[in-house]
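# Summary of structural features
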Amino acid sequence: MGVPPTRAADRALARPRRRLLAAAAALAALLAVGAGVLVDLATPAPRPATAPADQFSADRAYEHVKVVAARPHVAGSPANDQVREHLVGVLRGLGLETTVQDTVAPEAGQLSGAAGGATVARVRNVVARLPGTASTGRVFLVAHYDSVQSGPGGNDDAAGTASILEVARALTAGPRPRNDIVFVLTDAEEACLCGASAFAGSHPLAADGGVVLNLEARGSTGPVIMFETSRDNAKLVDVFGRAAPHPVGTSFAVEIYRALPNDTDFTAFLDHNFVGLNSAYIDGGAIYHTPLDVPAVLDRGSLQMHGDNALGLAREFGRTDLTTLHADHDATYFPVPGGLVRYPGWLTLPLALLALVAVGLLGWLLRRRGRATTGRLAAGVGLALVPVVVAPLGAWLLWAAITKIRPGYVELLDPYRPVWYRLAVVALAAAVLFTWYALTRRWVGPAALAFGGLAWLALFGVLLAVLVPGGAYLATLPALAGALAGLAALATRLDGPGPVVAVTLAGAVAVVILLPTVVLLFPALGMAMGGVAALFAVLLGLAALPVVDLLHPQAGGQRGLLALRARRLAPLPAAAAGLAAVVLAGVGLAVDRFDAAHPVPTHLMYALDAGTGEARWLSREDEPQPWTAGYLDGTASAADDFPALGDARLRSGPARAADLPAPKLQVLSDTTVGERRTLRVRVTPQRPVRLLSLHVDSTTVVESSTVDGVALDVGRYTRDHPWGFGMVFHAPPPEGVEITLVMAPGHRPLLRVMDASDGLAGVPGFRPRPPDVGVVGSHSSEMLAVARTYPL
Ligand SMILES: [Zn+2]
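### Some thoughts on helix H9 (residues 251-259)
Of all the residues in H9, the buried ones are Ser 251, Phe 252, Ala 253, Val 254, Ile 256 and Tyr 257. Near the N-terminus of H9, the side chain that reaches the backbone nitrogen of Phe 252, with its oxygen 2.7 Å away, is that of Thr 250.

### Side note on the pairing of strand S24 (residues 783-791)
Here strand S11 (residues 605-609) pairs with S24 via 4 bridges, running parallel. Pairing of Ala 607 across the sheet is with Ala 785, part of S24. As paired strands, strand S22 (residues 750-758) and S24 are joined by 9 bridges and run antiparallel to one another. Counterpart to Leu 750 in the pairing with S24 is Pro 791.

### Here's the deal with empty space enclosed by the protein
Using the criterion set out here, one finds 3 cavities of 30 Å³ or more in the structure. Of the volumes computed, that of the largest cavity is approximately 90 Å³. Taken together, Leu 213, Asn 214, Leu 215, Val 224, Met 226, Phe 240, Leu 277, Ser 279, His 306, Asn 309, Ala 310 and Leu 313 form the lining of the largest cavity. For the lining of the largest cavity, the secondary-structure elements that each account for two or more residues are strand S5 (211-217), strand S6 (221-229), strand S7 (275-283) and helix H11 (300-319). Examining the composition of the lining of the largest cavity, we find that 4 residues originate from one element, H11, more than from any other. For the lining of the largest cavity, the residue count by class is 8 nonpolar, 4 polar and no charged.

### Looking at the side chain of His 695
Tracing the chain through its elements places His 695 in strand S17 (residues 691-697). Exposure remark for His 695: the relative accessible area of 2% places this residue in the buried category. If sequence neighbours within four positions are ignored, His 695 has contacts with Gly 116, Pro 643, Ala 644, Trp 723, Gly 724, Phe 725, Gly 726, Met 727, Leu 750, Leu 751 and Arg 752.

### What to know about the coordination of the zinc ion
Looking at the metal site, the zinc ion is ligated by Asp 156 (OD), Glu 190 (OE), Glu 190 (OE) and His 289 (NE2), spaced 1.9 to 2.6 Å from it. Of note is the zinc ion, whose 4 donor atoms meet at the metal with angles of 54 to 144 degrees in an arrangement that counts as irregular. The sequence motif formed by the donor residues of the zinc ion is D-x33-E-x98-H. Residue Asp 156 is found in the loop between strand S3 (138-144) and helix H5 (158-172), and its partner His 289 is found in the loop between S7 and H11; the two are separated by 133 residues along the sequence. Grouping residues by exposure puts Asp 156 and His 289 together as buried.

What counts, and at which threshold
- Residues numbered from 1 in each chain as written.
- Predicted model: local features only at pLDDT ≥ 70, side-chain atom pairs only at ≥ 80, totals over all residues.
- Heavy atoms only, no water.
- Buried < 20%, exposed > 50% of the residue type's maximum accessible area, 1.4 Å probe, protein only.
- Helix = DSSP H or I, 4+ residues; strand = E, 2+ residues; numbered from the N terminus.
- Polar contact = N/O pair within 3.5 Å; in protein donor to acceptor, adjacent residues only side chain to side chain.
- Pairing = 2+ DSSP bridges.
- 1 Å grid on protein atoms, 1.4 Å probe; cavity = no way out; pocket = protein on both sides within 12 Å on 5 of 7 lines; lining within 4 Å.
- Points joined across faces, edges and corners; volume = space filled by probe spheres on them.
- Nonpolar A, V, L, I, M, F, W, Y, C, P; charged D, E, K, R; others polar.
- Contact = heavy atoms within 4.5 Å.
- Donors = N, O, S within 2.8 Å, 3.2 Å for Na, K, Ca; no water.
- Tetrahedral: all angles 85-135°; square planar, octahedral: opposite > 155°, others 65-115°.

As structure tokens, this is what we get:
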């Protein structure tokens, strides 16, 4: 531990051979611990279809994936009907009471994509129940069976749907559980979480709440991470830790997830006071929501992990007295090889303060023993902030340079083969740390620098404990281990192996705590946010600084030739890491090229005003790819003519008008009573569409509105657009939808109606993509919108 050795130890470790041995042993120990961490995060081997009936088999589940994800099956489509028939058939075949909840429901949560108006959908949820023997409550296994319009959803969420079918099979093959288990395969998750909203808000089986286990995927591979819980999760997390065979989850993920613009069905259940756990695998995000999300790219190891955990948790929650799950606090939890560490969240702040005190004590003792002066300790603290700032900045610059060379990365969540770039960022973080260390250690000394690193970790721990308690363990525990190792090293014979053993143990703690975070942050945030992973890599390096010190030649103490050699060797680790960063980034660029199997993503929509006969191409690409640029000549706001598309500025270009009908608007009744005019209209699409919308001009004040009996939120629109109140209806029935508008009389409102289908193949002027050009994963890719204004 940055403990500058006494003269005896100076002499001992100054002997290059002995120092080399210590460095090799410490490094080997940390590498072994790191390998253990990575093995623990690896997915299990998929079980074959011949596995015993009470086990989850990825190969059996995969047969369902193939049926569910045979083609895109967006809510309301004929393909979606076929998937639903398969699900109902399988669940009834297991002897389960199975029904379809067919209703119109509003969106859940605050969807980022719902800028276009109040959102509802017609949904058809598949609900099956396995009655318990003496139920204390209900356990809900939830996944969505719909896909996006732009891809078949082999992973998202055929994997979750198929897992639930296989879990249902395994559960019905064994003794009946104590509690009711309800299998909920929701519709219209992609559109608006409307299926989950309908179930949680109005299904009789949901009336008393219960425990929800939601299964998702936002990629094609990697470990299944339990990344979200309901509040006051201590007892739920305890069940997760003991009943999930592969418990990968961290209280930090909950905090990260809240900062991301994602939502799943779980949100709808939380809105209705359910408790539960949300799990997904997220690596391989390049295919997310794209045509490439086919069954063949699914990693069956991830599927096995999903199913193993879901089955283990269903059995455990199935036998637990569900009335005892209430806790009054959140837990801090994180994976370690062989299990899940968990402790009560109220320990977070005391532990953080304890770490701060321990680091302070170490500083005091270092000064008292004459290992460092106050000035050097202060310099160590000041200097330790440098790599913390520079490494994330460097990672950001590296990615900026790579996306300059390969602009197609901008539209991708993560590159197709991100591993080389991830390693490059880690190498870059190491290069920054080693360079900083080589430049500063002869000046302030190893002890003061190690103290500085621990001081920042302890301070971050306190800061996180206050602001982001679930993440505080990441800084607190390495700081505490480092301080205790330093104190132990000062108490042992400095010329013996004690100090090296102590600092290696502390380094091992840092590896166990921080390595999973570095590894999981890359897929969670994508390369554009690789700087966050670089930050945690640097914190890991700071926590293990005394081991880093062993990699450098002995500082000071030598004279003449030895000192010269030491000075010459000092930049070696930094140079090696810097070279590795450059080489790895180069390998990434060479390996991860766009081709037919890994196409560059592009975004294109077509929008026609059937009233004026004007049409245009629209794209959400900020810097259009060459293929897309062929359609575009400027920017436009869709809000003027196509308010359902939101108010973002889009790239646009002229298009030829297609011969397509706008939705028909028919007035059913128009009555004015006193100060209220009530208008009932029916909007009917004239072709198969995925959604339809209606907007009212912004000078008209809409006081209330319903669609097919569902009340809409009229308070959420802004009036600085031509169009004010509006609604978007996903999966509208062919006979159309009935909308009631209540407004002030005396004013003739304009109504703008739009509908949208998917696929541009028949549009005049559309040229099919070359093989190496693909479709970006988005809810509006390939959308074909037709709008028209009706004055009333
Ligand atoms: Zn999705």
